[in-house]
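Architecture at a glance
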Amino acid sequence: NAGVIQTPRHKVTGKGQEATLWCEPISGHSAVFWYRQTIVQGLEFLTYFRNQAPIDDSGMPKERFSAQMPNQSHSTLKIQSTQPQDSAVYLCASSSGGYAEQFFGPGTRLTVL
Amino acid sequence: GQQVQQSPASLVLQEGENAELQCNFSTSLNSMQWFYQRPGGSLVSLFYNPSGTKHSGRLTSTTVIKERRSSLHISSSQTTDSGTYLCALEPTGNTGKLIFGLGTTLQVQP
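Now for a look at the structure at hand.

Parameters at a glance
- Residues numbered from 1 in each chain as written.
- Chains lettered and ligands numbered in written order.
- Predicted model: local features only at pLDDT ≥ 70, side-chain atom pairs only at ≥ 80, totals over all residues.
- Heavy atoms only, no water.
- Helix = DSSP H or I, 4+ residues; strand = E, 2+ residues; numbered from the N terminus.
- Rg over C-alpha atoms; globule rule 2.2 N^0.38 Å.
- Contact = heavy atoms within 4.5 Å.
- Areas by Shrake-Rupley, 256 points an atom, 1.4 Å probe, with all protein chains shown as cover.
- Lys, Arg positive; Asp, Glu negative; His and termini not counted.
- Charge placed at Lys NZ, Arg CZ, Asp CG, Glu CD.
- Disulfide = S-S within 2.5 Å.
- Buried < 20%, exposed > 50% of the residue type's maximum accessible area, 1.4 Å probe, protein only.
- Polar contact = N/O pair within 3.5 Å; in protein donor to acceptor, adjacent residues only side chain to side chain.

**A short note on the overall build of chain B**
The secondary structure content of chain B amounts to zero helices and 11 strands. Scanning chain B from its N terminus toward the C terminus, one meets helices and strands in the order β-β-β-β-β-β-β-β-β-β-β. Here the C-alpha radius of gyration of chain B, 13 Å, is about what a compact globule of 110 residues would show, namely 13 Å. Taken along the three principal axes of its C-alpha coordinates, chain B extends 45 × 30 × 20 Å. Taking the intrachain contacts of chain B between residues at least 6 apart in sequence as the baseline, contacts between residues at least 24 apart amount to 55%. A total of about 5000 Å² of accessible surface is found on chain B, and carbon and sulfur atoms cover 48% of it. In chain B, 7 positive and 6 negative side-chain charges are present, and the distance between their average locations comes to 10 Å.

This is the structure:
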């Protein structure tokens, strides 16, 4: 079992450019979560899919951020018109369903210049 | 306010000493999870412990729901235990999401 896979590991964008982050959950897991980690804010929840359906996006900034899960093997987080304050480590996690242990990927470090 | 509070914020030990890390929460929960993270590293799940006590090697996790607290005990600390320990809870309501504390940074000196 390869664990949760995230690509790319590092991404550098210029201000105003788009960034797409990819996540492949553990095979057989039905729940996928996205979090963001910064020194100042710590770890913050962004959004959550179960069986590919969006369940909770209460942590997503209302503008410029979107997430999809087109099939059970991958999810994407897209940030349009990136800003320096979007610089963070974006973490994806998966679990087998409700009330279950979450397993995290290595994260994508996004740097917006 | 912060729903999950961890203490201490940082801790320095000599190798061989024991450590007790605390996590207090102000909301009812479905589950509690403890993670370990090295600087620049990924989150490693140590315990999924909604209630009661669990053991794994030199680590012990105890969650007491009525008292709204969870603890992580590290016995006979080693330099390789250095890093940040994070607790996270899943609030009731089947939200799925985890709410994290700010972590305890542990440094074990030889």
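**Section: the state of the cysteines**
Here a disulfide denotes one covalent bond, and it connects the sulfur atoms of two cysteines. Evaluation of the coordinates by the stated rule reveals two disulfides over all chains. Across a sulfur-sulfur distance of 1.9 Å, Cys23(A) and Cys92(A) are joined as a disulfide pair. Taking the torsion about the sulfur-sulfur bond, which here is approximately -65 degrees, the covalent link between Cys23(A) and Cys92(A) counts as left-handed. Separated by 69 residues along the polypeptide, Cys23(A) in strand E3 (residues 19–24) and Cys92(A) in strand E9 (residues 88–95) bring together distant segments of the chain. Each member of the pair, Cys23(A) as well as Cys92(A), is classed as buried. Put simply, Cys23(B) and Cys87(B) are joined by a disulfide, and their sulfur atoms are 2.0 Å apart. On the sign convention where negative means left-handed, the S-S torsion of about 75 degrees between Cys23(B) and Cys87(B) marks this disulfide as right-handed. With Cys23(B) in strand E3 (residues 19–25) and Cys87(B) in strand E9 (residues 83–91), this pair connects stretches of sequence that are 64 residues apart. Accessibility assignment for this pair places Cys23(B) and Cys87(B) in one class, buried.

**Observations regarding the side chain of Asn30(B)**
Checked against the element boundaries, Asn30(B) lands in strand E4 (residues 29–37). Within the structure, Asn30(B) has its side chain in polar contact with the backbone oxygen of Pro91(B) (distance 3.2 Å).

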